Amino acid sequence: MKAKRLVKLFAVIFAIALTAAACGGGDSTATSTSECGSDLAVAKGDSVTDLSVALVAPSAKDDVAFTQSMVDSLTRLGIEPQITDGTFVVEEAAAAIRGYAEDGVNIIIAHGTQYGGSLAEIAPDFPETSFIWGTASDNQGLDNVFAYFPEADQGGYVNGVIAASLSDNIGLVGPVEAGDAVAYIEGFIKGAEANGASTSAVYTGSFSDVALATTTAQAHADNGVGVLTGTSQSAVGAVNVATANDIPWFGTQSNTEAWSSDLTVASQVYHWDVVLADMITKIESGTLGGEAMALTLENGGLVMEFNGCYDLSADAKSAAEAAIADIIAGEIATK
Amino acid sequence: MSQFFTVSVLLATLATAIRFAVPYLLAALGETIGQRSGVLNLGVDGIMLLGGFGAYYTVLETQSHLAGIGVGIAVGLFMGIVYAYVTVFLHAEQGISGIGIFLFGLGFSDLLFQELVGTPKPIKPLPTLDKLPGVGGIFEPLIDIPVVGELLFDHNLLTYFALLLVPFVTWLLMKTTFGMNVRAVGENPQAADSLGVSVAKTRFIAILIGSSLAGLAGATLSLQLAIFQHNLTNGLGFIAVALVYFGAWQPRWVLAGALLYGLVTATRIRWQSLDIIPQSASDIAAMAPAIITILALVLLASRVRGPAALTKPFSRH
């Protein structure tokens with residue numbers, strides 16, 4: 001029994017080491033470039049835990065955005081969770097979270113800021129269950145809740161730097177002024193404007209209204225923007241406008257090459273697995289929560305993925321890598 | 001503000017407003033016919049979602065917009081048969097039945113999307129007149145007409161169909177025997193029945209027309225956006241139902257309401273993109289279309305009377 005535990009602990013440490021080796025430290029590991037035309041599907045890693053895991057998320061598991069970034073991250077950790085997706089309605093998510101807890105699932109990931117209120121009610125009822133919740137920068141003082149959040153402004157800043165090298169007029173399509181969406185948009189604006197571009201950001205007021213995102217992107221295109229970016233699952237509408245108008249696109253959360261293989265320049269991709277691996281190690285050693293962890297460029301939780309199909313100049317790429325190095329060194333403030 | 005009042009920006013805003021209004025208009029015109037017969041269908045949004053997915057998936061698989069539109073209408077027709085059977089023949093309460101249809105449409109369209117598509121895949125968008133296969137060249141000079149060319153001719157065929165539907169529905173309701181029967185069963189089904197009008201048959205047909213148009217509205221939305229996603233309509237069908245009240249059950253005023261809603265939405269987005277509305281006020285701006293609709297409804301509600309038998313099931317016994 002003791003030997004089995006030791007092997008399991010070793011496997012977790014090994015997985016973390018692999019993740020760190022793949023993603024952490026230095027500017028070269030905070031970026032990657034896809035091979036043009038390659039399959040974007042994430043390869044399943046070796047399982048880091050025998051504990052049962054469930055995921056509750058607001059949008060579809062294949063949304064090329066927020067939820068898919070989590071599913072991909074779990075895949076990298078070799079975890080096949082039970083999934084309840086499409087739960088924009090918080091009450092439905094709460095029922096799913098409670099249901100998984102009652103079924104004895106060991107780790108329940110509540111992947112949505114809006115689930116925080118429900119979690120505050122549910123988590124104390126199941127002290128033996130570990131809940132992982134985000135995006136949130138604090139765990140609400142609950143001992144069995146881990147929180148996670150991306151410093152999305154960092155990747156936003158880098159995307160902004162690259163975008164400014166392509167155009168001096170940039171349009172941004174935001175969903176709601178909250179969470180990582182507003183961090184990304186504001187970081188992007190800061191990076192673009194620091195490099196001489198002018199920006200126009202419009203928040204549609206909805207994470208899911210594709211029609212509004214489309215109309216907003218079209219308004220930007222009519223205004224003559226040379227670059228578009230946006231966030232949330234509704235951004236697929238904006239990507240269509242970018243494609244129709246031949247405007248370069250910058251993505252965030254997941255790699256948006258799946259939507260626009262030719263015009264996606266770069267995407268800030270969330271690698272939640274970096275913090276999840278850390279949390280799972282702690283859960284297996286008996287600590288079920290009590291901490292908030294951030295995804296950053298430095299810890300490899302945020303990875304800038306360049307599109308191999310897009311012919312980005314060497315200067316622009318160098319500027320991006322310099323910005324990443326400066327952000328990691330603390331020489332650029334992205335907030 | 002001055003940058004908004006340029007010809008190009010104003011025309012682009014108006015063109016966006018028209019594009020935005022088309023799905024509302026199609027769904028609201030269909031709902032107008034249904035409500036004039038005394039049947040409220042709160043399931044419009046769900047039918048739109050199913051029609052929208054049917055059209056999207058068909059185009060994804062066949063590359064044929066015509067087939068997609070046909071499937072969208074067929075899905076609407078089928079849902080109309082279900083709704084009509086439940087409300088007309090089983091005399092179910094219309095509000096609850098409509099909500100049931102909506103929830104079914106919301107859930108089932110998402111289920112089908114997840115199972116059959118998964119990751120959202122863009123399809124080719126509906127072509128504008130100048131890009132119509134074979135005949136597009138005829139319209140190219142029209143789009144080049146200064147000032148109004150793009151505003152009037154840079155739309156897809158469904159836009160013109162929706163606009164032409166306004167006088168057609170007016171004629172249908174006001175000038176035909178069927179329309180007279182629809183209005184009669186919507187006002188006083190007992191009296192209509194005593195005069196030999198089949199209330200059930202008239203309502204049944206009115207619901208089928210309305211639901212087919214809701215399916216077409218969903219198809220228009222997904223084909224215009226060239227994508228489908230969970231809850232693509234985002235409550236658009238409920239706005240369409242509100243527009244029927246806004247339009248006082250008159251097709252021309254329903255058109256006015258749809259265009260106003262589209263114009264307010266397009267204007268606020270344009271103003272935000274031009275930084276006329278500061279970013280700090282974006283949340284308030286996002287509410288503007290809904291607030292204007294509610295205000296209009298409040299102002300109109302006391303002045304206009306709807307069909308007297310609206311939402312009331314009819315039974316001879």
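It should be emphasised that the depicted structure is a prediction, and the values quoted were computed from it without experimental measurement. (Residues numbered from 1 in each chain as written. Chains lettered and ligands numbered in written order. Predicted model: local features only at pLDDT ≥ 70, side-chain atom pairs only at ≥ 80, totals over all residues. Heavy atoms only, no water.)

Chemist: How do you make sense of the overall build of chain A when you look at a structure like this?
Modeler: Along chain A, the regular secondary structure elements total 10 helices and 13 strands. What you see for chain A is a C-alpha radius of gyration of 20 Å, in line with the 20 Å of a compact globule of 335 residues. Overall size of chain A, expressed as C-alpha extent along the three principal axes, is 65 × 40 × 35 Å. A buried classification covers 60% of the 335 residues belonging to chain A. For chain A, long-range pairs separated by at least 24 residues make up 70% of all intrachain contacts whose partners lie at least 6 apart in sequence. (Helix = DSSP H or I, 4+ residues; strand = E, 2+ residues; numbered from the N terminus. Rg over C-alpha atoms; globule rule 2.2 N^0.38 Å. Buried < 20%, exposed > 50% of the residue type's maximum accessible area, 1.4 Å probe, protein only. Contact = heavy atoms within 4.5 Å.)

Chemist: Just checking my understanding: could you explain helix H8 (residues 235–244) of chain A for this structure?
Modeler: Summarising burial for H8(A): eight of the 10 residues are buried, a large majority. Those residues of H8(A) that sit buried are A:Ala235, A:Val236, A:Gly237, A:Ala238, A:Val239, A:Asn240, A:Val241 and A:Ala242. Where the residues of H8(A) are buried, they touch strand S7 (169–174), helix H7 (210–222), strand S9 (227–230) and strand S10 (249–253) of chain A together with helix H10 (199–225) of chain B.

Chemist: Which parts of the structure should I look at to understand the nonpolar core?
Modeler: One recurring pattern in soluble globular proteins: nonpolar side chains tend to sit buried together. In terms of nonpolar packing, the biggest core is built from 90 residues, with B:Tyr24, B:Leu25, B:Leu26, B:Tyr56 and B:Leu232 touching the most fellow members. With residues near it in sequence (within four places) discarded, B:Tyr24 still touches B:Leu236, B:Ile239, B:Ala240, B:Leu243, B:Ala258 and B:Tyr261. Of all hydrophobic cores here, the second largest spans 62 residues; its members include A:Ala152, A:Ala192, A:Trp272 and A:Ala277. (Core = buried A, V, L, I, M, F, W, Y, C linked by side-chain atoms within 4.5 Å.)

Chemist: How do you make sense of the sheet that holds strand S13 (residues 302–306) of chain A when you look at a structure like this?
Modeler: Sheets are built from strands that pair by backbone hydrogen bonding, the pairs being arranged parallel or antiparallel. Residue and element names in this part refer to chain A. Here we have seven strands laid out as an open sheet, ordered S1-S13-S11-S10-S9-S7-S8, and mixed in their pairing. The open sheet has two free edges, formed respectively by strand S1 (31–33) and strand S8 (198–203), since each of these has just one partner strand. Across the sheet, the mean angle separating the axes of adjacent strands is 20° when strand polarity is ignored. Bridge analysis of strand S11 (residues 264–270) against S13 gives five bridges, and the strand direction is antiparallel. Note on S13: the bridge partner recorded for Val269 is Val303. (Pairing = 2+ DSSP bridges. Axes fitted to C-alpha atoms, helices over the stretch in contact; angles between N-to-C directions.)

Chemist: Which parts of the structure should I look at to understand the environment of B:Pro133?
Modeler: Tracing the backbone through its elements, the reader meets B:Pro133 in the loop between helix H4 (94–116) and helix H5 (136–143). B:Pro133 gets classed as exposed once you look at its relative accessible area, which sits at 71%.

Chemist: Could you clarify how one ought to interpret the domain arrangement of chain A in this entry?
Modeler: How big an interface is tends to be stated in terms of the accessible area lost upon association of its parts. Residues and elements named next belong to chain A. Taken domain by domain, chain A holds domain 1 (2–25 + 41–151 + 272–302) and domain 2 (153–269 + 303–329). With centres defined by C-alpha atoms, the gap from domain 1 to domain 2 works out at 27 Å. The interface is formed by 18 residues belonging to domain 1 together with 21 residues belonging to domain 2. When domain 1 packs against domain 2, the two sides together hide about 1600 Å² of surface, and 62% of this comes from carbon and sulfur. Where domain 1 meets domain 2, there are zero salt bridges. (Domains from an automatic or database assignment. Buried area = accessible area lost by both parts, 1.4 Å probe. Salt bridge = Lys/Arg side-chain N within 4 Å of Asp/Glu carboxyl O.)

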